[in-house]
Amino acid sequence: MSGQDREFRSGFVCFVGRPNTGKSMLTNAMVGQKIAITSSRPQTTRHTIRGIVHREHTQLILVDTPGLHRPRTLLGQRLNDLVRDTYSEVDVIAICIPADEKIGPGDRWIVQQVKQMAPKTTLIGVVTKIDKVGRDQVAQQLVAVSQLLGPEAEVVPVSAVKGEQVEVLIDVIASKMPEGPAFYPDGELTDEPEETLMAELIREAALEGVRDELPHSLAVVIEEVLPREEQEGMLDVHALLYVERPSQKAIIIGKGGARLKEVGTAARKQIEHILGTRIYLHLHVKVAKDWQRDPKQLGKLGF
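Here the structure is a predicted model, which means the values were calculated and not measured.

A.B. asks: Could you give an account of the overall build of the protein, with specific residues and numbers?
C.D. replies: When helices and strands are counted, the protein shows nine helices and nine strands. For the protein, with 303 residues in total, the buried portion stands at 50%. Once local pairs closer than 6 in sequence are excluded, the contacts in the protein between residues at least 24 apart make up 71%. As displayed, the protein offers around 14,900 Å² of accessible surface, 49% of which is attributable to carbon and sulfur atoms.

Okay, here's the thing in structure tokens:
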């Protein structure tokens, strides 16, 4: 079939896997820009951030969900509900398993949950981080993932860091999509409001290098974005960082405010890159006691 005759295909895909299996990195590599936040901590992603991949014969909308986990709080439960809704609405679910780790009970549990929640959705396997191991190990992992998912699921090896096989993965996912027109105009990379992206980038910077008790306890809300009066083309961004305990507030702020300053610098660079404009970032840390368990506070913080 000549290129001219190929039908245009479009649809929705989500990447699923244990924490730190390279899902967000893959989203960014496919879209070609940083959209999903990447961190080695579980539950870094809290919002369904859609990245949009444009190619001549396809448009893929990547839905980035919070990781599926056994919930311990009301927040955890709500995140799982969000995941369940997403699974049943996408066209393809891509299960990500790294090449450098053996398949474990966590992977099996996720595959079992996915098959139960979305029995009709097409599954494909993605063996990530192939740049970290030799060819033999990649081959072994491809066989193992194929056995885990079943004979009907295709399995693709990729390295998001090196960009290896990313286009192959895009083609495989596209082949599973229904024929139909593009959902978004060319050039659009995400349908997330800019405020959501800003909040996620600040949250990522704040989680960098801090102890494990923080990921679940940190929420970021953008209060307002205003043009900076005395400097044309510059924006004032005011953000609130919510934690659950005064001790966590101290961790985020750091000695003499040094850590919060680092967070601001790191987040500002990322936000400026996405917005294409200079910003002045104002960060304030507040304690909202046990907000993850309080329905009223969860609603206020956008969950």
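A.B. asks: Just give me the short version of the sheet that holds strand β8 (residues 234–243), but keep the residues and values in it.
C.D. replies: Pairing within the open sheet is mixed, and its three strands lie in the order β7-β8-β9. Strand pairing shows two members of the sheet lacking a second neighbour, β7 (219–227) and β9 (278–287), which therefore form its edges. Neighbour-to-neighbour, the strand axes of this sheet turn through a mean angle of 20°, independent of strand direction. Sheet topology places β8 next to β9; ten bridges connect them, and they run parallel. Among the inter-strand pairings, Asp 236 is bridged to a residue of β9, identified as Tyr 280. Where helix α7 (residues 246–253) meets the sheet, its contacts fall on β8 and β9, and the angle it forms with β9 comes to roughly 155°.

A.B. asks: Before we move on, could you go through unusual backbone geometry and cite the residues and values that matter?
C.D. replies: Positive phi is not limited to glycine here, since Gln 165 has a value of about 70°. On the accessibility criterion, Gln 165 (33% relative accessible area) is partly exposed. Phi is positive for Asp 290, which is not a glycine, with a value near 45°. Along the chain, Asp 290 turns up in the loop between β9 and α9 (295–300). For Asp 290, a relative accessible area of 33% corresponds to the partly exposed category.

Thresholds, definitions, all that
- Residues numbered from 1 in each chain as written.
- Predicted model: local features only at pLDDT ≥ 70, side-chain atom pairs only at ≥ 80, totals over all residues.
- Heavy atoms only, no water.
- Helix = DSSP H or I, 4+ residues; strand = E, 2+ residues; numbered from the N terminus.
- Buried < 20%, exposed > 50% of the residue type's maximum accessible area, 1.4 Å probe, protein only.
- Contact = heavy atoms within 4.5 Å.
- Areas by Shrake-Rupley, 256 points an atom, 1.4 Å probe, with all protein chains shown as cover.
- Pairing = 2+ DSSP bridges.
- Axes fitted to C-alpha atoms, helices over the stretch in contact; angles between N-to-C directions.

Coordinates in, geometry out; function isn't part of it.
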